[in-house]
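Single-letter residue listing:
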Amino acid sequence: MTDLEKEKLLHPSKWNKRFDGPTLLSYYIDFVNEITQNVRKTLKCELDVPYGTTERTKYDVYGVDLPKDSPIFVFIHGGYWREGDKELATFAVPVFVRKGIKVITIGYDLCPNVKLGDIISQIKTAIEHVLKDAFSLGCRNIWVAGHSAGAHLAASLLFDQLWLDKMMKQGYLNLLKGIVLISGVYSLEPLLHTSIDTDLKLAKHEIDTYSFTTLDIKNNAPIQGLKVIVTVGECDSPWFIDQSRECAQKLVSLVDNVQYVLLRDNIDHFDIVEKLTNEEFILTKMILYNVFNETVNV
């Protein structure tokens, strides 16, 4: 494989059937910016809740006027751990808040200002904050979703036995009922010596520790009472599709309830989350069903 072919596989905008790559990215940014502006004007929200000490370690909460026990849907943005912010993660807010679900969008520091391990630690701290607050409010359940690199960050929760044990001891883990991994990156070695790694500067121990498709999990305890949905669109990069399949296969040996879904109808890496604004989109319906029927395996 040539360097050019490898770079194409790592850039999912080049595989969609709607626009050329730059036009798609511009459309995507404009689309979510409009959503963010609208929901901040029309919905009760609490912005920039700090969970860390830096400017970016904050999250936004939408639907703060919903009942205290309302379910919570947490969304982690993508951008290869080097781009994006919580303002670009509001796709689910309009439909989910209308359905009675609070939505939290998480920000985090970006490479090269921090290392990948720092970001993963930040996400775990953020989720712990959310779980702690939700526990005190008597929240019904929490689902965590991530898109692209955000899916990798969401998946990191499942592979950290120490973090899971800590959440269990504190009584929070039972609140976490599901993880949705959308068009994710789960293996890091292919990023070496590419334009992506220019900012990441991945070290060998990071590749070994955070490549979840090849991670040794023989000493990890089985995860029960939690569902994982792994999904990707048919018009994503073939590399991203393979990553999702491999991640789902890995998780089957760790999590009791795993569902893999390849979304058809020309769904690509970007409209797979854009369409969360549509109540009738299959992924929207799947998430809503599971949030309100969290004890049912489907």
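To be clear, the structure that these remarks concern was listed above.
Read on for a plain summary of the structure. (Residues numbered from 1 in each chain as written. Predicted model: local features only at pLDDT ≥ 70, side-chain atom pairs only at ≥ 80, totals over all residues. Heavy atoms only, no water.)

**So, the packing of aromatic side chains**
Any two aromatic rings considered together are summarised by their centre-to-centre distance and by the angle between their planes. Following the criterion strictly, the structure yields 13 aromatic pairs and no others. Ring geometry for Tyr 28 against Phe 270: centres 4.9 Å apart, planes inclined by 75 degrees, an arrangement best described as edge-to-face. Of the two residues, Tyr 28 is situated in helix α2 (residues 21-42) and Phe 270 in the loop between β8 (255-263) and α10 (271-274); the sequence distance between them amounts to 242 residues. By relative accessible area, which is 8% here, Phe 270 ends up buried. Each ring, one from Trp 239 and one from Phe 240, has its centre 5.2 Å from the other, and the planes form 90 degrees; the classification is edge-to-face. An identical accessibility class is assigned to Trp 239 and Phe 240; each is buried. Linked through ring pairs, Phe 19, Tyr 27, Tyr 28, Phe 31, Phe 91 and Phe 270 together constitute an aromatic cluster. Lying over the aromatic face of Trp 15, Lys 8 brings its terminal NZ or CZ to 4.6 Å of the ring centre. (Phe/Tyr/Trp six-rings, centres within 6.5 Å; stacked < 30°, edge-to-face > 60°. Helix = DSSP H or I, 4+ residues; strand = E, 2+ residues; numbered from the N terminus. Buried < 20%, exposed > 50% of the residue type's maximum accessible area, 1.4 Å probe, protein only. Lys NZ or Arg CZ within 6 Å of the ring centre and 35° of its normal.)

**Comments concerning the pattern of salt bridges**
Going through the model one piece at a time under the given rule, you end up with 20 salt bridges. Glu 206 is the salt-bridge partner of Lys 115, the closest N and O atoms lying 3.6 Å from each other. Residue Lys 115 is found in the loop between β4 (102-106) and α4 (116-137), and its partner Glu 206 is found in helix α8 (residues 204-210); the two are separated by 91 residues along the sequence. A salt bridge links Lys 166 to Glu 128; its shortest N-O distance comes to 3.3 Å. Of this pair, Lys 166 sits in helix α6 (residues 161-169) while Glu 128 sits in helix α4, placing them 38 residues apart in sequence. Exposure remark for Glu 128: the relative accessible area of 18% places this residue in the buried category. In this structure, a network of salt bridges that share partners links the residues Arg 40, Asp 48, Asp 60, Lys 86 and Glu 87. (Salt bridge = Lys/Arg side-chain N within 4 Å of Asp/Glu carboxyl O.)

**Details of the environment of Asn 293**
Here Asn 293 is to be found in the segment after α11 (282-292). The exposure class assigned to Asn 293 is partly exposed, which follows from its relative accessible area of 26%. Only 2.8 Å separates the side chain of Asn 293 from the backbone oxygen of Tyr 289, close enough to count as a polar contact. (Polar contact = N/O pair within 3.5 Å; in protein donor to acceptor, adjacent residues only side chain to side chain.)

**A few points about the sheet that holds strand β2 (residues 58-62)**
Strand order in the open sheet formed by 8 strands is β1-β2-β4-β3-β5-β6-β7-β8, with mixed pairing between adjacent strands. The open sheet has two edge strands with one neighbour each: β1 (45-50) and β8. Mean inter-strand twist for the sheet, computed between neighbouring axes without regard to direction, equals 20 degrees. Pairing analysis gives 5 bridges linking strand β3 (residues 72-76) to β4, with the strands arranged parallel. Bridging from a neighbouring strand, Ile 76 pairs with Ile 106 of β4. The strands that helix α9 (residues 238-252) touches are β6 (176-182), β7 (223-233) and β8; relative to β8, the one it contacts most, it runs at about 160 degrees. (Pairing = 2+ DSSP bridges. Axes fitted to C-alpha atoms, helices over the stretch in contact; angles between N-to-C directions. Contact = heavy atoms within 4.5 Å.)

**Things to note about α9**
With 15 residues, α9 extends 22 Å between its outermost C-alpha atoms, agreeing within 8% with the 21 Å of an ideal straight helix rising 1.5 Å per residue. Buried within α9 are the following residues: Trp 239, Phe 240, Ile 241, Gln 243, Ser 244, Cys 247, Ala 248, Lys 250 and Leu 251. Next to the buried residues of α9 lie α1 (3-10), β6, β7 and β8. (Expected span 1.5 Å × (residues − 1).)

**Considerations on the packing of α4 against α6**
Relative orientation of the contacting elements α4 and α6 amounts to 15 degrees, with a least axis distance of 12 Å. One finds that α4 runs roughly parallel with respect to α6. Along this stretch, α4 crosses α6, giving a crossing that reads as right-handed. For the pair α4 and α6, contact is made by Lys 124, Ile 127, Glu 128 and Leu 131 and by Trp 163, Lys 166 and Met 167, respectively. (Parallel < 35°, antiparallel > 145°, perpendicular 65-115°, else oblique. Left-handed = near helix turned anticlockwise from the far one by under 90°.)

Everything listed is a geometric property; what it means functionally is a separate question.
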